[in-house]
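Structural features, examined
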Amino acid sequence: GKVYEMIRSGVDKGLKLHFTLVDPEKIENLKEFSNALRKVVDAGTDAILVGGSLQVYVDDVERIVKLVEEFNVPSILFPGNPMGLARNADAILFISLLNSDDPYYIVGAHVTAAPLIKRIGLEVLPTGYIVVGNANTSVSVIGKARPLPYDKPGIGVAYALAAKFLGMKFVYLEAGSGAPQPVPPYFVEKVKKAIDDTILIVGGGIRDYSKALEIVNAGADIIVTGTVVEEKIDDAIKIISAIKKK
Ligand code: 1GP
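One structure accompanies this document, and this report is about it.

Thresholds applied
- Residues numbered from 1 in each chain as written.
- Predicted model: local features only at pLDDT ≥ 70, side-chain atom pairs only at ≥ 80, totals over all residues.
- Heavy atoms only, no water.
- Helix = DSSP H or I, 4+ residues; strand = E, 2+ residues; numbered from the N terminus.
- Expected span 1.5 Å × (residues − 1).
- Buried < 20%, exposed > 50% of the residue type's maximum accessible area, 1.4 Å probe, protein only.
- Arc of directions from axis to C-beta.
- Contact = heavy atoms within 4.5 Å.
- Near = heavy atom within 4 Å.
- Polar contact = N/O pair within 3.5 Å; in protein donor to acceptor, adjacent residues only side chain to side chain.
- Areas by Shrake-Rupley, 256 points an atom, 1.4 Å probe, with all protein chains shown as cover.
- Axes fitted to C-alpha atoms, helices over the stretch in contact; angles between N-to-C directions.
- Left-handed = near helix turned anticlockwise from the far one by under 90°.
- Salt bridge = Lys/Arg side-chain N within 4 Å of Asp/Glu carboxyl O.

Next up on the list: helix α6 (residues 153-165). End to end, α6 covers 18 Å across 13 residues, agreeing with the expected 18 Å (1.5 Å per residue, within 8%). Every buried residue belonging to α6 is among Pro 153, Gly 156, Val 157, Ala 160 and Ala 163, and all of these are buried. Looking down the long axis of α6, one finds its buried residues gathered within 125 degrees of arc, a one-sided arrangement. Buried residues in α6 make contact with β5 (123-131), β6 (170-174) and α7 (185-195). Backbone geometry just after α6 places Gly 167 at a positive phi near 95 degrees.

Moving on, we get to the site of the ligand. By nearness alone, 13 residues border the ligand, and Tyr 172, Ser 177, Gly 178, Gly 205 and Thr 227 come closest of all. A distance of 2.8 Å separates an oxygen atom of the ligand from a polar side-chain atom of Glu 174. Between the ligand and the protein, one listed contact pairs an oxygen atom with a side-chain N or O atom of Ser 177 at 2.6 Å. Compared with its free state, where it exposes 300 Å², the ligand has 97% of that area covered by protein. Put simply, the parts of the chain that give the shell around the ligand at least two residues each are β6 and β8 (222-225).

On to the packing of helix α8 (residues 209-217) against helix α10 (residues 233-244). Axis separation between α8 and α10 bottoms out at 8 Å; the angle between their running directions is 30 degrees. Handedness of the α8/α10 crossing: right-handed. Taking contact as the criterion, the partners of Tyr 209, Ala 212, Leu 213 and Val 216 in α8 are, on α10, Lys 238, Ile 239, Ala 242 and Ile 243.

Another point: the pattern of salt bridges. Per the stated rule, a full pass over the model turns up twelve salt bridges. Note that Lys 244 is salt-bridged to Asp 46, the shortest N-O span being 2.7 Å. You can see Lys 244 sitting in helix α10 and its partner Asp 46 sitting in the loop between α2 (30-43) and β2 (47-50), a full 198 residues away along the chain. The class of Lys 244 is partly exposed, set by a relative accessible area of 29%. A relative accessible area of 16% means that Asp 46 is categorised as buried.

Functional significance is not addressed by these values, which are geometric in nature.
Shown next as structure tokens:
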């Protein structure tokens, strides 16, 4: 597990990490995308997540992963379904959407994907994925999630502990791409205290560095941003720099 080791050793040193999410569906111009990638890598982003709720054809995912290969940063698949399995990536976030009403998103897609993952030899990062906050996000609608209310962190703790006890190496609190509000720091804090050394990823709706800092100060180990990289690259760079200074 090269990618896991890289993340684990960073977290164990007390570093905070940043992942840049790239949704292949939203990339129109590869040249512009490559320029943006150069900027986030120079700012210190630690990995590129490739995927989204509405998957595109595997060719599109492979094309993005190939571009990422030109930079010195790992690519990690972040698939919405088994169509996102590109063989050239470094690893896959094997996400079980724990608070989905549909078993497909908890374990069904995984059964379809697992033999393929084994065959193409992707490193697997087992992740308990918990959707929080707004029900109108793509991940919530497509994943048939019952998003946890922001004012009920105790339910988040219960889900996150279940993920830890099931042996998952990561817990991912997801507000959904473009969420109006990111996961609140008090929610993050309660979850991190409960899961202790299990790695906590937080993403969705993080648009400015002060919010990002509040979330890492509350205990997130890894912050994910997507939309801000597409829409306001300078703000994305500020977020990355602020996190990397921690
Ligand atoms: C990753 O879905 C998020 O967890 C990304 O969200 O696009 O709002 O940054 P944004």
